[in-house]
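# Examination of the molecular architecture
Listed below are the residues making up each chain.
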Amino acid sequence: MSEQERRALTDHPLYQMTLTRFLGFIREPEAVFWTFVFPILMAAGLGLAFRQRGPDKPHVGVVKSASSAATLASLRKDTTLIAESYDDSAALRALRTGKVAVLVKSFPAGVRYIYDPARGDAATARLVANRAVQKGAGSVDVIATTDSYISEKGSRYIDFVVPGLLGMNLMGSGIWGLGFAIVTARNQKLLKRYMATPMKRSQYLLSFLLSRLVFLVLEVLTLLLFGHYVFGVPLRGSVFALSAICLLAAFSFSALGLLIASRATTTEGVSGLMNFIMLPMWILSGVFFSSANFPSVAQPFIKALPLTAANDALRANMLEGANLAGVAPEMLVLVVWMVLSFALALRIFRWR
Amino acid sequence: MMTEGPALLVRDLRKAYGDVVAVDGLDLEVARGECFGLLGPNGAGKTTTIEICEGLLSADSGTVRVLGLDWGKEPDALKERLGVQLQDTKLAEKLTVAETLRMFRSFYRQRKTVDEVIALVELGEKRESRVGSLSGGQKQRLAIACALVGDPEILFLDEPTTGLDPQSRRSLWDLITRFRESGRTIVLTTHYMDEAEKLCDRVAIVDHGKVIAEGKTNELIESVDLSHLPPPEPRRTSATLEDVFVSLTGRTLRDE
């Protein structure tokens, strides 16, 4: 009761507010799902959908005729294609429906290839089929060739998408985590109730950043470890640089979340605003496909988006092993977003 | 710690929202140790007045001194010494009673323990229950516990028993009476005249942003001339505070 009472750390307002924020979050099963489980499901789904199977073998159809037996035998010797034999009418149907990429018709004087040159795989199939037919008839390569195969980790789609998902997750939980909690507190007049206590406003906002830190470690680790150990996504950069990028990105998005939530009084209102801010970045900032696909006039704008900066920095670190100096421009973009959002949010924040 | 003078002094308070004048030259004086009721129809300016006194709203003009202190000069010292229950606060549903109180307690320098306030509001059995699982009356007792945990000298309650069942109301009345008996000051608003009659030493009836009657509860009741009550009020041998209220503010319905 006395003012001289010694305070344990656990009795500090900052600790208490961070703790209650943490408890409030983990007791919300949906929030836990969207933050931790969903990104992993997403990575797993994309990883499986785009896993490396090697290119499909071309399907070659042989039209039955008096001289087709030898052609079929030659084609079947080649393991890089799949050859089937068809009757006249069935052969054309197979070509039309895409079951085969090319038809081979044998004549005593030679063979004819029937295919649609506009189909991407048809030209390749014709080349492969012709090689098999010529070889079967005794043709020999003039220059000796050998092949050596490589499989480089880091160039697969899953390697591209995991850093993108990490960036998207940092943005989502920063913006949703702060935005929703603050607007709910304002809507339920809890913010106003706090204003009637000696609580310090700076500590209130700081408690959000601190609880973000706790979750940051958890959500980054789950996604990275999953990607690394299940799909072999490389982690070529230093852990220190990677942590610094994640930390800066998380604070930058939290500041943006604070700004988005600084005036709104209803959760419906803030949801719309958050989607309005986040949706363009999901599309433009290179989460699922490279932002280089957009026209070059749009590039300066796209590069200035915080999610583009976060994704580029994460990819440079994880896939190319870039250190902090190597991602300095991206870090600068994130710092600018953080400082501007935070400063503006503090100016216009509605406490009641 | 105790300074001299009234617990609450309001002089010529004015507050308008755009064209709507909510408080229009209101005066109040609440002595220390008093339970003071602020009565009035919906939209009379009660909540605006009490929120200005709580430091949540700023007045357009006028003087407000709480415990002899000025919101403009010593807001931090004032917040340490007052307890507040707002009309429509929803505490976080996912936290338990004890967790909620522990957090509110951490804001204050001089304070009660969590166990003390839980005992005061009789929520011992609900100590580890989530706020979301509490009944309306229990939530309201928790809201008042949050106001008491900072060991306040003055307690502001805005419609503390609105929407509660009779048992919960009586339990809150006991709580308020006990706080009052410890020598602290209470300022409350209510729509229930029986509540004001039972709890308040003095009341002020507010309408259109002004105090239209003020005095000791029993004296106000005695001053009513039963024959002047608008019909069809039933004649009784003695008046109630409700008679005072209706005779002063009329029978026209007021909406928020």
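Residues numbered from 1 in each chain as written. Chains lettered and ligands numbered in written order. Predicted model: local features only at pLDDT ≥ 70, side-chain atom pairs only at ≥ 80, totals over all residues.

### Considerations on the overall build of chain A
- Assigned secondary structure in chain A consists of 13 helices and 4 strands.
- With the C-alpha coordinates of chain A rotated into their principal frame, the extents come out at 110 × 40 × 40 Å.
- Going through the 352 residues of chain A one by one, you find that 38% of them count as buried.
- Long-range contacts, defined as pairs at least 24 residues apart, comprise 74% of the intrachain contacts of chain A with a sequence gap of at least 6. (Helix = DSSP H or I, 4+ residues; strand = E, 2+ residues; numbered from the N terminus. Buried ≥ 20, exposed ≤ 12 C-beta atoms within 10 Å, placed from the backbone. Contact = placed C-beta atoms within 7 Å.)

### Structural notes on helix 8 (residues 201–231) of chain A
Residue and element names in this part refer to chain A.
- Compared with the 45 Å implied by 1.5 Å per residue over 31 residues, the 44 Å span of helix 8 between its first and last C-alpha is a close match.
- Remark: the principal bend of helix 8, roughly 25°, maps to Phe215.
- Inspection of helix 8 places Leu205, Ser207, Phe208, Ser211, Arg212, Phe215, Leu216, Glu219, Val220, Leu223, Leu224 and Gly227 among the buried residues, and these make up the whole buried set.
- Those residues of helix 8 that are buried are in contact with helix 1 (13–26), helix 2 (29–49), helix 6 (157–187) and helix 9 (239–260).
- Following helix 8 by one or two positions, Gly232 adopts a phi angle in the positive range, close to 65°. (Expected span 1.5 Å × (residues − 1). Bend = angle between axes of the 7 residues up to and from the residue.)

### Description of the sheet that holds strand 4 (residues 110–114) of chain A
Residue and element names in this part refer to chain A.
- The strand order across the open sheet built from 4 strands is 2-1-3-4, with neighbouring strands paired in mixed fashion. Each edge of the sheet is formed by a strand with only one pairing partner; in this case those strands are strand 2 (82–86) and strand 4. Sheet twist, expressed as the average angle between the axes of neighbouring strands with direction ignored, equals 30°.
- Summarising the sheet, strand 1 (residues 59–63) and strand 3 (residues 102–107) pair through 4 bridges and their orientation is parallel. (Pairing = 2+ DSSP bridges. Axes fitted to C-alpha atoms, helices over the stretch in contact; angles between N-to-C directions.)

### Considering the sheet that holds strand 6 (residues 82–85) of chain B
Residue and element names in this part refer to chain B.
- One open sheet accounts for 6 strands, arranged 6-7-8-3-9-10; its pairing is mixed. Strands with a single pairing partner mark the edges of an open sheet, and in this sheet they are strand 6 and strand 10 (210–216). Pairwise comparison of adjacent strand axes, ignoring direction, gives a mean angle of 15° for this sheet.
- Where strand 6 meets strand 7 (residues 154–158), 4 bridges bridge the pair, whose relative direction is parallel. If you follow Val84 over to strand 7, its bridge partner there is Phe156.
- Seen against the sheet, helix 1 (residues 46–53) touches strand 3 (35–39), strand 7, strand 8 (185–190) and strand 9 (202–207) and runs at an angle of roughly 155° to strand 8.
- On top of the sheet, helix 5 (residues 136–148) reaches strand 6 and strand 7; it is set at about 160° to strand 6, its chief contact.

### Here we look at the nonpolar core
- Of all hydrophobic cores here, the largest spans 76 residues; its most connected members are Leu8, Cys53, Ala145, Ile154, Phe156, Ile186 and Val187 of chain B.
- Ranked by the residues each element gives to this core, the list is headed by helix 5 of chain B, at 7 residues.
- Beyond its immediate stretch of four places on either side in the chain, Val187 of chain B contacts Leu8, Val30, Phe36, Leu38, Ile50, Cys53, Ile154 and Phe156 of chain B.
- Listed in part, the 60 residues of the second largest apolar core include Val183, Phe208, Cys246 and Ala261 of chain A. (Core = buried A, V, L, I, M, F, W, Y, C linked by C-beta atoms within 7 Å.)

### Structural notes on helix 6 of chain A
All names here are of chain A.
- Under the 1.5 Å per step criterion, the end-to-end length of helix 6 is 43 Å for 31 residues, consistent within 8% with the ideal 45 Å.
- Among the 31 residues that make up helix 6, 25 are buried, leaving the element largely enclosed by the rest of the structure.
- Two residues or fewer after helix 6 comes Lys189, characterised by a positive phi angle close to 65°.

### Details of the domain arrangement of chain A
- Taken as a whole, chain A is organised into domain 1 (12–50 + 153–348) and domain 2 (59–136).
- Inter-centroid distance (C-alpha atoms) of domain 1 of chain A to domain 2 of chain A is 53 Å. (Domains from an automatic or database assignment.)

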